[in-house]
Amino acid sequence: MTVRVVVGGALCRDGRLLAARRSAPPELAGRWELPGGKAEPGESVPEALVRELREELGVETEALERLPGEWPLRPDLVLHVWTAGLLSGEPAPLEDHDELRWLRPDELDSVDWLDQDRPAVEEIGRRLRSSPDQADGPARGPVDGTANGPADGPTGARAL
């Protein structure tokens, strides 16, 4: 059996991690994840990450570093998580998500993460707490600090 890689993107900006709430499939709806998806045959995992974040969030990114570990999703799928840098665009929930939140390290437990994402989220939280500047990708453009807290509620596209 061939095992395919699903890549999750740990997109960080201003010391915060982007969380995406699933809207599909029904068994995952309402839970939170690191956005991403399956690598296609012949596509590298970093290429898949960039493509998936473009499709799901409408942003241009770059894959930076693979986090240690991999997590089985089912017998034929395994999750790899990469940090990603935001190059352009403002993330919006375009595909399979209905809400996005930028979470500070102390807010990471405020959402119901998918089980397989939890170890990577914990690692990113450790990195953000120990050195917020180094955990950020090369984010560009202004940041609207008024729309970054968890109390923003469902908003569709969020100002960052």
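Scoring rules and cut-offs
- Residues numbered from 1 in each chain as written.
- Predicted model: local features only at pLDDT ≥ 70, side-chain atom pairs only at ≥ 80, totals over all residues.
- Heavy atoms only, no water.
- Helix = DSSP H or I, 4+ residues; strand = E, 2+ residues; numbered from the N terminus.
- Expected span 1.5 Å × (residues − 1).
- Buried < 20%, exposed > 50% of the residue type's maximum accessible area, 1.4 Å probe, protein only.
- Arc of directions from axis to C-beta.
- Core = buried A, V, L, I, M, F, W, Y, C linked by side-chain atoms within 4.5 Å.
- Contact = heavy atoms within 4.5 Å.
- Polar contact = N/O pair within 3.5 Å; in protein donor to acceptor, adjacent residues only side chain to side chain.

> I'm lost on helix H2 (residues 118-130) in this one. Help?
Quick reminder: α-helices carry 3.6 residues per turn. Residues three or four places apart thus point the same way. With 13 residues, H2 should cover 18 Å at 1.5 Å per step; its first-to-last C-alpha distance of 18 Å lies within 8% of that length. Turning to H2, its buried residues number three or more, namely Ala-120, Val-121, Ile-124, Gly-125 and Leu-128. Projected onto a plane normal to the axis of H2, the buried residues spread over an arc of 140° and lie on a single side. Opposite the packed face of H2, turned more than 90 degrees from it, sit the exposed residues Arg-129 and Ser-130.

> What exactly am I supposed to notice about the nonpolar core here?
Soluble globular proteins tend to bury their nonpolar side chains together. Residues Leu-17, Leu-34, Val-81, Trp-113 and Ile-124 are the most contacted members of the largest nonpolar core, which totals 20 residues. At the level of secondary structure, the elements contributing two or more residues to this core comprise strand E1 (4-13), strand E2 (16-22), strand E7 (77-88) and H2. If you tally residues by element for this core, the top one is H2, at four residues. Filtering out sequence-adjacent residues up to four positions away, Ile-124 remains in contact with Ala-10, Cys-12, Leu-17, Leu-67 and Thr-83.

> Explanation requested: helix H1 (residues 45-57) in the structure shown.
With 13 residues, H1 should reach 18 Å at 1.5 Å per residue; the first-to-last C-alpha distance of 18 Å fits that figure. For H1, the full list of buried residues reads Val-45, Ala-48, Leu-49, Val-50, Arg-51, Glu-52, Leu-53, Glu-56 and Leu-57. In the stretch just after H1, Gly-58 is the one whose phi turns positive, near 75°.

> Before we go on, may I ask you to explain the environment of Arg-22 in this structure?
Following the sequence through the fold, Arg-22 ends up in strand E2. Given a relative accessible area of 11%, Arg-22 falls into the buried group. Note: C-alpha distance between Arg-22 and Glu-99 (77 residues apart in sequence) is 7.9 Å. When neighbours within four sequence positions are excluded, Arg-22 is seen to be in contact with Leu-28, Ala-29, Gly-30, Arg-31, Glu-33, Asp-96, His-97, Asp-98 and Leu-114. Side-chain polar atoms of Arg-22 contact the backbone oxygen of Ala-24, separated by 2.3 Å.

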